[in-house]
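# Reading the structure
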Amino acid sequence: MLYSFLFSLRDTYGVFNVFRYITFRAVIAALMALLLSFVIGPWLIKRLTARQIGQQIRSDGPEAHLAKAGTPTMGGTMILFSLTLATILLADLSNPYIWVMLIVTLGFGAVGFADDYRKLALANSKGVSGRVRLLCEFGIALGAAAFLYWSPDFDSRLYLPFFKDASVDLGVLYIPFTAFVVVGAANAVNLTDGLDGLAIGPVMTTAFTYGVFAYAAGNLKYADYLQIPYVAGVGELSIFTAALLCAGLGFLWFNAYPAMMFMGDVGALPLGAALGMVAVLTKHEIVLLIAGGVFVVETLSVIIQVASFKLTRKRVFRMAPIHHHFELQGWPEPQIIVRAWIISIICALVALSTLKLR
Ligand code: 57M
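Residues numbered from 1 in each chain as written. Predicted model: local features only at pLDDT ≥ 70, side-chain atom pairs only at ≥ 80, totals over all residues. Heavy atoms only, no water.

## Description of the side chain of Thr178
Position of Thr178 among the secondary structure elements: in helix H6 (residues 174-192). Judged by its relative accessible area of 1%, Thr178 is buried. Sequence-distant contacts of Thr178, that is, excluding residues within four places in its chain, are made with Ala145, Met277 and Val280. (Helix = DSSP H or I, 4+ residues; strand = E, 2+ residues; numbered from the N terminus. Buried < 20%, exposed > 50% of the residue type's maximum accessible area, 1.4 Å probe, protein only. Contact = heavy atoms within 4.5 Å.)

## Notes on the site of the ligand
Contacts to the ligand come from 28 residues, most closely from Gln55, His65, Asn190, Asp193 and Asp265. Note that an oxygen atom of the ligand is positioned 2.6 Å from one of the side-chain N or O atoms of His65. Contacts to the ligand include Ala320, whose backbone N or O atom sits 2.7 Å from an oxygen atom. Contact with the protein chains covers 81% of the free accessible surface of the ligand, which is 1000 Å². Contributing elements (two or more residues each) for the shell around the ligand: H6 and helix H12 (293-312). It is H12 that contributes the most residues to the shell around the ligand, three residues altogether. (Near = heavy atom within 4 Å. Polar contact = N/O pair within 3.5 Å; in protein donor to acceptor, adjacent residues only side chain to side chain. Areas by Shrake-Rupley, 256 points an atom, 1.4 Å probe, with all protein chains shown as cover.)

## A few points about the side chain of His323
For His323, the location among the structural elements is in helix H13 (residues 322-328). On the basis of relative accessibility, which here comes to 1%, the residue His323 falls in the buried class. One polar contact links His323 to Glu298, side chain to side chain, over a distance of 2.9 Å. When residues no more than four places from it in sequence are discounted, the contact partners of His323 are Leu191, Thr192, Gly194, Leu195, Leu198, Glu298 and Ile336.

## A look at the pattern of salt bridges
Counted by the stated rule, this structure contains 10 salt bridges. Between Arg25 and Glu236 there is a salt bridge, with the nearest N and O atoms lying 2.5 Å from each other. Of the two residues, Arg25 sits in helix H2 (residues 22-50) while Glu236 sits in the loop between helix H8 (220-226) and helix H9 (237-255), which places them 211 residues apart along the sequence. Of the two residues, Arg25 and Glu236, both sit in the buried class. The partner of Asp265 in a salt bridge is Arg133, and the shortest N-O contact between them spans 3.1 Å. Here the residue Asp265 occupies a position in helix H10 (residues 265-281), and Arg133 occupies one in helix H5 (residues 130-149), the gap between them amounting to 132 residues. Accessibility expressed as a relative area gives 9% for Asp265, which makes it buried. Among the ionic contacts, a cluster of salt bridges with common partners joins Asp115, Lys119, Arg133, Glu137 and Asp265. (Salt bridge = Lys/Arg side-chain N within 4 Å of Asp/Glu carboxyl O.)

This is the structure:
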């Protein structure tokens, strides 16, 4: 909105010509999202505390978590607000990819909000039932996937990283595949969100990685040079990912150990869905397994734990997801978190290397 207004003034004021550049608008969107988070954060914490929207803690978890009871949650609303406003103001709103991103992110935000609201505000410990939640998540993701599939020039090939021309044409199967990536990513981030700053750190590194992919894939010259699929218009998503990165950074200010606020499902689900969607739109779906390595390990730990317990009645980890295992091993919480961040930075670097290694 701000972009189209200021850019339209470029003939009168030459300085506004700078809004032509995605990189410039990405930086402004990032700063705006950060500033909004800093301004909203203290206000939101006060409001949530006053309304007693605090976390209920399960008694079967690691003991250290009992002290976290009552920590304000649903901080994801702040991330969503900052992200959406910065994107709407700085991105080109005639670009359909921006709308797909916003609708999917806010759609998953609504599902997370309903779940948190039932659990916290209405003091209903069950929240929305797992089945209804998954149904809504798949509904949103399938809708977005179908829209993409039937839009002109859609490329239904799945490209393999590390190979020059290796791709598989999924045809109409691209629709369920997209939904699986988006819903899978949303739930993987949700599982990871169990220690202060544990989820938001890797969300930020993954958002950065996909900001680079979006910029490169949307630029004919770079895409050609790097031999990655060119997707006209997808470069605009760098503005979304930059806003996501810095809305996350602003949230981390309040979520850093010891957390003053948790994000809740209203944060974890849409952030994960946004990462899944941007992976699909930039045609770098498989690389998400590398860039989001921390989320993958957390999810695998749950799958292994549940499978092992069902088959052998024995647990592989002291408790899943794996961050609980390390807590019970006696690692201090900040150590687990910072190590996860280090791993997520390494994952981002390896993911970025796929741009050149092919
Ligand atoms: C939600 N939510 C946190 C907070 C956050 C299948 C099973 C593995 C599912 C899993 C599960 O329910 N995961 C999804 C995880 C919760 O955080 C809230 O939830 C939001 C995210 N959705 O934003 O609002 C707790 O996590 C802690 N926390 C922090 N700092 C943060 O910044 O410390 C969160 C954010 C908060 C707080 O304590 O209350 C959660 O962990 O519940 N279930 C589990 O993770 C459970 N694992 C389990 O049952 N393992 C079994 C089997 C089934 C695999 C096993 O190993 O045998 C554990 N979770 C808890 N207690 N809390 C077990 C015991």
